[in-house]
Amino acid sequence: MKIVVIQGPNLNMLGHREQNIYGGMKLDDIHAQMENVAKQNNINIEFFQSNFEGEIIDRLQECLGDANGVIINPAAYTHTSVAIRDAISALNIPVIEVHISNIYRREEFRQKSLIAPVCSGQISGFGPFGYHLALVALMQILAEFEAIKRKSESEKK
Ligand code: DQA
């Protein structure tokens with residue numbers, strides 16, 4: 001099982017940027033916590049951060065046939081990027097959208113996600129803990145997929 005975590009623009013600045021909104025935790029610390037949980041569950045997890053829209057799209061495309069699920073915080077591209085939405089739409093694996101802040105109680109331009117309609121679910125407003133919630137949710141979805149697959153295979157026999 002492989003999960004890819006994709007982090008959008010300015011998330012490399014966590015721990016420095018607007019701590020009143022995003023908290024004091026650094027991206028590496030969030031990833032270290034996720035890695036621990038993934039390891040305990042025998043999941044291979046990879047992390048990617050980019051400030052460039054095209055690089056995020058390239059990384060999403062690489063997930064095709066390679067990853068079982070994706071966790072993505074598209075950051076500001078959430079509100080603008082039809083291209084990232086299309087790249088997610090083209091994947092046939094579950095994708096979970098994460099926001100550290102509650103985008104629905106912020107400026108009006110942040111309250112619209114172009115990404116949410118093509119994701120399995122969205123987690124918004126729980127701080128860095130949202131990444132943990134996303135990982136647990138994704139592992140649950142993947143376990144259910146596996147159970148369905150195993151059941152249909154055993155029915156074929
Ligand atoms: C964010 C919310 C976005 O509106 C913002 O542009 C970000 C971070 C969040 O995690 O709360 O960079 O995605």
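First, a word on what this report is: a plain description of the structure on this page.

Rules and cut-offs
Residues numbered from 1 in each chain as written. Predicted model: local features only at pLDDT ≥ 70, side-chain atom pairs only at ≥ 80, totals over all residues. Heavy atoms only, no water. Pairing = 2+ DSSP bridges. Helix = DSSP H or I, 4+ residues; strand = E, 2+ residues; numbered from the N terminus. Axes fitted to C-alpha atoms, helices over the stretch in contact; angles between N-to-C directions. Core = buried A, V, L, I, M, F, W, Y, C linked by side-chain atoms within 4.5 Å. Buried < 20%, exposed > 50% of the residue type's maximum accessible area, 1.4 Å probe, protein only. Contact = heavy atoms within 4.5 Å. Near = heavy atom within 4 Å. Polar contact = N/O pair within 3.5 Å; in protein donor to acceptor, adjacent residues only side chain to side chain. Areas by Shrake-Rupley, 256 points an atom, 1.4 Å probe, with all protein chains shown as cover. 1 Å grid on protein atoms, 1.4 Å probe; cavity = no way out; pocket = protein on both sides within 12 Å on 5 of 7 lines; lining within 4 Å. Sits in = over half its atoms within 2 Å of the grid points. Nonpolar A, V, L, I, M, F, W, Y, C, P; charged D, E, K, R; others polar.

With that settled, consider the sheet that holds strand β5 (residues 121–124). Spatial strand order, β2-β1-β3-β4-β5: 5 strands in an open sheet with parallel pairing. Every interior strand has two partners, whereas the edge strands, β2 (44–49) and β5, have only one. Sheet twist, expressed as the mean angle between neighbouring strand axes with direction ignored, is 15°.

A few words on the nonpolar core. In summary, soluble globular proteins display a tendency toward joint burial of nonpolar side chains. If you look at the biggest cluster of nonpolar residues, it comprises 24 residues, and the most contacted ones within it are Ile 3, Leu 14, Met 34, Ile 45, Ile 71, Tyr 131 and Leu 135. Here this core takes 6 residues from helix α5 (residues 129–156), the largest share from any one element. Residue contacts for Ile 45: discarding those within four places in its chain leaves Ile 3, Val 5, Met 34, Glu 35, Ala 38 and Leu 135. Tyr 77, Ile 84, Ile 88 and Leu 91 belong to the second largest nonpolar core, which has 18 residues in total.

With that out of the way, let us pick up the environment of Ile 96. Following the sequence through the fold, Ile 96 ends up in strand β4 (residues 95–99). A relative accessible area of 4% means that Ile 96 is categorised as buried. Residues Ile 96 and Cys 119, spaced 23 residues apart in sequence, show a C-alpha to C-alpha distance of 5.7 Å. With near-sequence residues (within four places) excluded, Ile 96 lies in contact with Val 70, Ile 71, Ile 72, Gly 121, Ile 123, Ala 134, Ala 137, Leu 138 and Ile 141.

Moving on, we get to the site of the ligand. Inspection of the region around the ligand gives Arg 17, Tyr 22, Asn 73, Ala 75, Ala 76, His 79, His 99, Ile 100, Ser 101, Ile 103, Arg 106 and Arg 110 as its neighbouring residues. Note that an oxygen atom of the ligand is positioned 2.8 Å from one of the side-chain N or O atoms of Asn 73. Between the ligand and His 79 there is a distance of 2.7 Å, counted from an oxygen atom to a side-chain nitrogen or oxygen. Relative to its free-state accessible area of 320 Å², the ligand is covered by the protein chains to the extent of 98%. Comparing atom positions with the cavity grids shows the ligand to sit within the largest pocket. Split by residue class, the shell around the ligand holds 5 nonpolar, 4 polar and 3 charged.

What follows covers the environment of Ile 103. Tracing the backbone through its elements, the reader meets Ile 103 in the loop between β4 and β5. With residues up to four places along the chain from it excluded, the contact list for Ile 103 reads His 79, Arg 110, Gln 111, Ser 113, Gln 122 and Ser 124.

Shape is all these values report; function is a separate question.
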